[in-house]
Amino acid sequence: MKSTKIWAGLLTCLILLCFSYEEAFAESTWSSKCATYGEIKPNQNPTFQHINCLLTNAALEAKIPPEVVKAVASTENGSWRQFDEKGQPIISKDNGIGLMQITNQPNYNQEKLKYDINYNIQAGVEILSEMYQRSDLPKIKGAGPEVIENWYFPVMAYNGTKPINSPLYQSSGLKNLEAYQEKVFASIEKNSYLDDTNLGQFPFNSADFEYDPNNSGNIGFKKMEYTFTDQMHASVYQFQKGDKVLVTDDTKLRLQPGTSSIQKALAKDTTLIIEGQFLYDQSLTSVNQFVWYPVKTEDQKFAGYISSAYIKKKTVPPVKVMWGKTELKVRN
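Here the structure is a predicted model, which means the values were calculated and not measured.

What counts as what
The numbers attached to residues start from 1 for each chain and follow its sequence in the written order. Note on the predicted model: pLDDT of at least 70 is required for a residue's local features to be given, and 80 or more for side-chain atom pairs to be given and counted; whole-chain, interface and lining totals, by contrast, use all residues. Remark: hydrogens and water are excluded; side-chain values derive from all non-hydrogen atoms of the structure. Only runs of H or I of at least four residues qualify as helices and only runs of E of at least two qualify as strands under DSSP, and these elements are numbered from the N terminus. Expected span, for any helix, means 1.5 Å times one less than how many residues it has. Burial status follows relative accessibility: with a 1.4 Å probe on protein chains alone, a residue under 20% of its type maximum counts as buried, one over 50% as exposed, and anything between as partly exposed. To define a nonpolar core, start from buried Ala, Val, Leu, Ile, Met, Phe, Trp, Tyr and Cys residues and group those joined through side-chain atoms within 4.5 Å. Only heavy atoms enter the contact rule, under which two residues are in contact if any of them lie within 4.5 Å. Think of it this way: DSSP has to see at least two bridges between two strands before they count as a pair.

1. What about helix α2 (residues 48-61)?
In step 1: Between its first and last C-alpha, α2 extends 20 Å over 14 residues, near the 20 Å set by a 1.5 Å rise per residue.
In step 2: Of all 14 residues making up α2, 12 are buried, and the element is well covered by its neighbours.
In step 3: Looking one or two residues beyond α2, the residue adopting positive phi is K63, at roughly 60 degrees.

Put into structure tokens, the structure is as follows:
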């Protein structure tokens, strides 16, 4: 009996060690990609671009568009801070903790949520991932997790599927711009796209949502799948060397990421070729949330860096051919 208890105890310890190892390994995988910024000092906020790097890589590790994670962080904590001026963890009136304002999550170590910014970010992306996996939230037909618009309802659930976050006002059918997820998506347009791009809009109808606006019960979703007619937007953080992209607005090709030194003026719809992995602003005081891609012009005459806010994947239009009297569309 005593031997059995000893083995059971050892097995429990091994299981706990495995879980701890997996948790630490998952975190170190993405956080180590920001090692060039140096170690994070206790009770001190990293620089904005250091946090930009942490949020970006945590999101990519979790297969979430970084645009979404950064906008959630901005909506929860506009200055991207874990600690206040006295070095104390930022805790909101409703007990939201740190950068990602983690609230009512007893499965996470509460002290680590307060003092370990990597752990706080990891918790935030895990909660978002869990919201995406929920089967009781609507999705976009044919869209995957790389599509920003497909995170509308998981983002809502991060804050709560309560009447206050209803996409439409029940009484009037008008769009609820004060809903949490609407604020997050407005932040994506402002900070990741610099107001150059409008995200696709859901074709909502008041009958899609069932709730009592006078109590705090959860919204009942009557429509579980939406077909989009608006253009959807995949995350711009997936471009690889050799990909062709289009410039979405008149902008500048820079000599270095985030600098004012201009290599060439670029007109809208200019084709560029991605030359490598994205980089962050060189200025640690910069509050830009987007990143910079090394690119070259299609004629190979110019090379430099362009903001991710001003590029989109270049798609090849179908070639029209005639088969008898029938027009066919064939992809190149």
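Following the structure, the description resumes.
2. Considering the nonpolar core
In step 1: Counting 74 residues, the largest nonpolar core has L55, V72, L99, M100, F153, V155 and F209 as its most contacted members.
In step 2: Elements with a contribution of two residues or more to this core: α2, α3 (66-76), α5 (117-133), α6 (152-159), α7 (180-192), β5 (244-247), β8 (271-274) and β9 (292-297).
In step 3: Counting residues per element, this core draws most heavily on α5, which supplies 9 residues.
In step 4: For F209, the residues in contact, after removing those within four places along its chain, are F153, S166, P167, L168, F204, I219, G220, F221, K222 and Y226.

3. Thoughts on the pairing of β9
In step 1: Judged by how many residues are buried, β9 sits mostly within the fold: 6 of 6 residues are covered.
In step 2: Residues of β9 alternate between two faces, with W292, P294 and K296 on one and Y293, V295 and T297 on the opposite face, all of them buried.
In step 3: Sheet analysis places β8 next to β9, joined by 3 bridges and oriented antiparallel. Within β9, the position partnered with L272 by the bridge is T297.
In step 4: Direction of pairing for β9 relative to strand β10 (residues 303-307): antiparallel, over a ladder of 5 bridges. Across the sheet, residue W292 finds its bridge partner in β10, namely S307.
In step 5: Taken together, β9 and the strand that follows it, β10, pair antiparallel across an intervening segment of 5 residues, in which Q300 is found at a positive phi of about 70 degrees.

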